[in-house]
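# An overview of the molecular structure
Below are the chains, spelled out letter by letter.
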Amino acid sequence: MKKLQIGVMGSAADLNYGKEAEKFAKELGKLIAESGNILVYGAEKEYSSLSTNAAIEASKNNGITVGVTSGKKKEIYGDFMPTVLIPCGLEIGGGREFSLVLSCDVIIAISGGSGTLTEMVIAYQAGIPIVVVECFDGWASRLANEYIDDRKRLKCESSSTPKEALEKAIGLCKKSDF
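The following paragraphs examine the structure supplied in this document. Just so you know, these numbers come straight off a predicted model, no measurement behind them.

Take the nonpolar core next. One finds L28, L39, I108 and I110 to be the most contacted residues of the largest nonpolar core, which totals 33 residues. Secondary-structure elements contributing two or more residues to this core are β1 (5-10), α1 (19-35), β2 (38-42), α2 (50-60), β5 (106-110), β6 (130-133) and α6 (162-175). Ranked by residues supplied to this core, first place goes to α1 with seven residues. Once residues within four sequence positions are removed from consideration, I108 is found in contact with I6, G7, V8, M9, L28, V131, V133, A165, L166 and A169.

Here is the structure:
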């Protein structure tokens with residue numbers, strides 16, 4: 001089976017996520033690395049995020065990380081550099097999310113504000129499976145076990161532990177013949 005490109009989407013630091021959400025993201029990143037799959041995330045320019053924490057932890061555990069950043073330059077927040085950095089030439093809220101999400105076989109959403117919601121909607125429209133973490137505030141928990149609209153294309157599958165989130169993500173990809 002090919003390596004899955006697992007997107008980790010979640011709150012940016014300006015949403016003041018808690019230490020438990022950060023711990024969850026780090027454990028998820030570690031598990032993705034240990035599974036031999038690839039972690040894809042939105043590499044931010046201004047501040048850290050739950051996704052960045054997951055990517056850093058994946059990297060510490062010899063995982064492959066792909067960061068999709070806005071604009072044209074390979075500049076991102078902090079000292080961490082993903083295995084692959086893709087400047088998509090588009091801005092946050094103006095298209096970067098399309099490049100990011102369409103690079104994924106499945107996404108896992110943790111907490112999240114409007115950016116995470118946008119990424120979930122893009123995944124939904126593209127038929128990319130969505131796993132949401134239900135134990136933190138934000139759009140992920142609001143959409144746990146729900147459809148994004150009345151078309152009922154795919155349900156946002158809920159999880160409450162990093163292990164469960166990864167297992168569901170891999171399982172959904174197997175069902176979708178990725």
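α2 sits mainly inside the fold: eight of its eleven residues count as buried. Of all the positions in α2, only L50, S51, T52, N53, A54, A55, E57 and A58 are classed as buried. Contacts from the buried residues of α2 go to β1, α1, β2, β3 (64-69) and β5. Capping of α2 at its N-terminal end is provided by S49; its side-chain oxygen lies 3.3 Å from the backbone amide nitrogen of S51. Positive phi appears at N62, one or two residues downstream of α2, with a value of about 60°.

Most of β1 sits inside the fold, with five of its six residues counted as buried. Sheet topology note: the β1/β2 ladder contains three bridges and is parallel. The residue bridging Q5 from the neighbouring strand is I38, located in β2. Note that the unit made of β1, α1 and β2 has a crossover that is right-handed.

This part covers the sheet that holds β3. Across the sheet, which stays open at both edges, the seven strands sit in the order β4-β3-β2-β1-β5-β6-β7 with parallel pairing between neighbours. Every interior strand has two partners, whereas the edge strands, β4 (84-87) and β7 (157-159), have only one. Ignoring which end each strand starts from, the neighbouring axes of this sheet average 25° apart. In the packing of α2 onto the sheet, the strands contacted are β1, β2, β3 and β5, and the crossing angle to β2 comes to about 150°. In the packing of α6 onto the sheet, the strands contacted are β1, β5, β6 and β7, and the crossing angle to β7 comes to about 155°.

Cut-offs used in this document
Residues numbered from 1 in each chain as written. Predicted model: local features only at pLDDT ≥ 70, side-chain atom pairs only at ≥ 80, totals over all residues. Heavy atoms only, no water. Core = buried A, V, L, I, M, F, W, Y, C linked by side-chain atoms within 4.5 Å. Buried < 20%, exposed > 50% of the residue type's maximum accessible area, 1.4 Å probe, protein only. Helix = DSSP H or I, 4+ residues; strand = E, 2+ residues; numbered from the N terminus. Contact = heavy atoms within 4.5 Å. Polar contact = N/O pair within 3.5 Å; in protein donor to acceptor, adjacent residues only side chain to side chain. Pairing = 2+ DSSP bridges. Right-handed = clockwise from strand over helix to strand, strands pointing away. Axes fitted to C-alpha atoms, helices over the stretch in contact; angles between N-to-C directions.

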